[in-house]
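Take a look at the letters that make up each chain.
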Amino acid sequence: MLNRRQLLGASLASSALYATGSFVPAWAQNAPDLGTPALPATGFARMKVGEVEVISLLDGITRRPLAAEFVKNAPLAEVKALLASQNLPTDYIDVPYTPFLIISGGKRTLVDTGLGEFGGPTTGKLLQQLRAAGFAPTDIDNVLISHFHGDHINGIRNKAGELVFANARVMVPAAEYAFWMDDAQMSAAPAGMKGAFENVRRTFGNMPADKLQRFEADVEILPGIRSVAAYGHTPGHTLFELTSAGQKFFYVADLTNVPALFARNPDWAVTFDMDAEKARQTRRAVFQRITAGNAMMGGFHYPFPGFGRMAPAGNGYAFQPSA
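A quick note: this is a predicted structure, and the numbers were derived from the prediction, not measured. (Residues numbered from 1 in each chain as written. Predicted model: local features only at pLDDT ≥ 70, side-chain atom pairs only at ≥ 80, totals over all residues. Heavy atoms only, no water.)

### Regarding the sheet that holds strand E2 (residues 52–57)
Then comes step 1: Judged by pairing direction, the sheet is mixed, and its seven strands sit side by side in the order E1-E2-E5-E6-E7-E8-E9 without closing on themselves. Looking along the sheet, the strands with just one partner apiece sit at the ends: strand E1 (44–49) and strand E9 (212–215). Looking at each pair of strands side by side, their axes are set apart by 25 degrees on average, direction ignored.
Then comes step 2: The pairing of strand E5 (residues 100–104) with strand E6 (residues 107–111) spans five bridges and is antiparallel. Bridging from a neighbouring strand, Ile 102 pairs with Thr 109 of E6. (Pairing = 2+ DSSP bridges. Helix = DSSP H or I, 4+ residues; strand = E, 2+ residues; numbered from the N terminus. Axes fitted to C-alpha atoms, helices over the stretch in contact; angles between N-to-C directions.)

### Quick look at the sheet that holds strand E10 (residues 220–222)
Then comes step 1: Within the open sheet, the seven strands sit side by side as E10-E11-E12-E13-E14-E15-E16. Their pairing is mixed. Of all the strands in the sheet, just E10 and strand E16 (316–321) have a single pairing partner and so form its edges. Geometrically, the sheet is characterised by an average inter-axis angle of 35 degrees between neighbouring strands, direction not taken into account.
Then comes step 2: The pairing of E10 with strand E11 (residues 225–229) spans two bridges and is antiparallel. Within the sheet, the bridge partner assigned to Leu 222 lies in E11 and is Ile 225.

### Thoughts on the pairing of strand E15 (residues 307–313)
Then comes step 1: Strand direction decides the pairing type here: strand E14 (residues 296–298) and E15, joined by two bridges, are antiparallel. Bridge pairing in E15 links Gly 298 to Phe 307.
Then comes step 2: Where E15 and E16 come together, six bridges link them in antiparallel fashion. Its bridge partner being in E16, Ala 311 is matched across the sheet by Ala 318.

### Comments concerning the environment of Val 200
Then comes step 1: You can see Val 200 is positioned in helix H7 (residues 194–204).
Then comes step 2: Accessibility expressed as a relative area gives 0% for Val 200, which makes it buried.
Then comes step 3: Separated by 46 residues in the primary sequence, Val 200 and Asn 154 have C-alpha atoms spaced 8.8 Å apart.
Then comes step 4: Apart from residues no more than four positions distant in its own chain, Val 200 is found in contact with Phe 148, Ile 153, Trp 180, Met 181 and Gly 205. (Buried < 20%, exposed > 50% of the residue type's maximum accessible area, 1.4 Å probe, protein only. Contact = heavy atoms within 4.5 Å.)

### Some details on the pairing of E2
Then comes step 1: Of all the six residues making up E2, five are buried; the element is thus mostly covered by neighbouring parts of the structure.
Then comes step 2: Pairing analysis gives six bridges linking E1 to E2, with the strands arranged antiparallel. Directly across from Phe 44, in E2, lies its bridge partner Leu 57.
Then comes step 3: With four bridges joining them, E2 and E5 adopt antiparallel strand pairing. Bridge pairing links Glu 53 to Ile 103 in E5.

What follows is the structure, given as structure tokens:
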């Protein structure tokens, strides 16, 4: 079970993620005084990885004020200075949500699902982008989940409780499932974290056995797709490594939130990391692995379309978007 320090951190992250009595992420609510983030005219983009096609699908973008608690272990002035040095706004953060669709061997695998019907007006666009790219929800064979925060799982069901991807098998990390579905963990969790546990149970609790598959870390879970343990952000947070015809693509999920901050400074801790020290170690190890192989990557919260590479920069790394 999590120790007291980790539970407190998880509680703070959960409080930031979920509004009381709701499954809507609190940080996914638009801040009218800061304006509304503009969504691109085309919300999907295609890329080839060997013989496999990867399509990024923008579920939406939300805007949140930049406050001191966003980066837990750095002064706000230092955070703002780093953003300003990259010609980025310093009074707010725009957070994209980008699932990815992998088309390989005649199968279609959706990686994470966005906010679904549970977010604000500038989110919940995944199905729209999916259709624009030429696919229906019934075309999805597998839904691959990196971790159980609401912005990654809320698109699995609609508000009526129906499975959105009716023909898909939902594949989840065994370690993540074990934590969030553990009654003892839920009972021991602070009040501010209860909503996150309830949301997981709403999503997975009565899912038919033939629809839900748990997978282990660091194994091939689908042809050409390997799970990569990346614990820290959550207890079972998992990345995915795609290999095809000698080329690689890493889906890094929430390894970092805003890359302009947490890739450039991998030792900084975002408020949503449940175990900040473990997340820090994981970031450094994974970025070293990606840059050593010059691999293509995609991030859930990276600037749309989310494709690019990481390059060493100072004490950290700089995300280089694909042209």
